[in-house]
Every structure is written in C-alpha cells, then in structure tokens.
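Now for the letters of each chain:
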Amino acid sequence: MGRLGLGGRFGGLAARLDGVFGADGVFAHDRLRFIDFVDDVEELLEEVAWQEGGDKKAADGFEEYMLRHYSG
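None of the values given here were measured: they were computed from a predicted structure.

A. Local environment of helix α2 (residues 34–51). Here α2 contains 18 residues, and its C-alpha end-to-end distance of 26 Å stays within 8% of the 26 Å for a straight helix at 1.5 Å per residue. Following α2 by one or two positions, G53 adopts a phi angle in the positive range, close to 85°.

B. Local environment of the environment of A59. Tracing the sequence through the fold places A59 in the loop between α2 and α3 (62–70). Along the chain, A59 and E46 lie 13 residues apart, while their C-alpha atoms are 5.6 Å from each other. Every residue in contact with A59, bar those within four places of it in the chain, is listed here: E42, L45 and E46.

C. Spotlight on the environment of V48. As for its position among the elements, V48 is in helix α2. The partly exposed category is assigned to V48, whose relative accessible area is 22%. Between the alpha carbons of V48 and A59 there is a distance of 9.2 Å; along the sequence they are eleven residues apart.

D. Geometry of the pattern of salt bridges. Tallied over the entire structure, the rule returns two salt bridges. Measuring nitrogen to oxygen at the nearest pair gives 3.0 Å for the salt bridge that ties R33 to D36. Judged by its relative accessible area of 54%, R33 falls in the exposed class. Across the salt bridge formed by R68 and E64, the nearest N and O atoms sit 3.2 Å from each other. On the criterion of helical spacing, the pair formed by R68 and E64 is a turn pair, its members being four residues apart in helix α3. Using a relative accessible area of 53% as the deciding quantity, one classes E64 as exposed.

Conventions adopted
Residues numbered from 1 in each chain as written. Predicted model: local features only at pLDDT ≥ 70, side-chain atom pairs only at ≥ 80, totals over all residues. Heavy atoms only, no water. Helix = DSSP H or I, 4+ residues; strand = E, 2+ residues; numbered from the N terminus. Expected span 1.5 Å × (residues − 1). Contact = heavy atoms within 4.5 Å. Buried < 20%, exposed > 50% of the residue type's maximum accessible area, 1.4 Å probe, protein only. Salt bridge = Lys/Arg side-chain N within 4 Å of Asp/Glu carboxyl O.

Right, here's the structure in full:
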C-alpha cells in the first residue's frame with residue numbers, strides 16, 4: 001500500500017492483517033479460521049470502498065466467492 005502511495009489513506013490495513021500469514025506467505029490456519037479471515041477482509045474492503053467515496057456494497061459477494069472457491 002505504501003509503495004502505491006496509499007499508505008496514509010489506508011493506514012493500519014496491513015497491521016490488521018499482520019500475523020494472518022506465516023513468514024512463507026502461507027495462510028496461518030492455526031492462528032485464525034479461514035472463514036473469520038474472509039469475513040474480516042470483506043469488512044476491510046467495505047471500509048476501503050467507503051473511503052474511496054464508493055458504495056460499501058461494492059464488496060458484497062467477496063466472502064461468498066472466497067468461501068466457494070478456496071475453503072475446500
């Protein structure tokens with residue numbers, strides 16, 4: 001985010017996701033359930049959409065899509 005010049009506008013976003021992935025970049029299932037992670041990310045996307053002057057509904061469907069495609 002910082003490299004894209006968005007760090008100031010979305011400060012704390014990376015911090016809120018910190019610890020969810022291990023050093024190898026793999027999702028840390030032992031730290032957080034995947035369904036909870038997806039729900040949190042959808043909420044973050046809604047905040048980003050709102051901050052960008054858009055509609056929070058822009059993130060609707062994210063959780064369903066992720067769970068359908070990646071929860072196994």
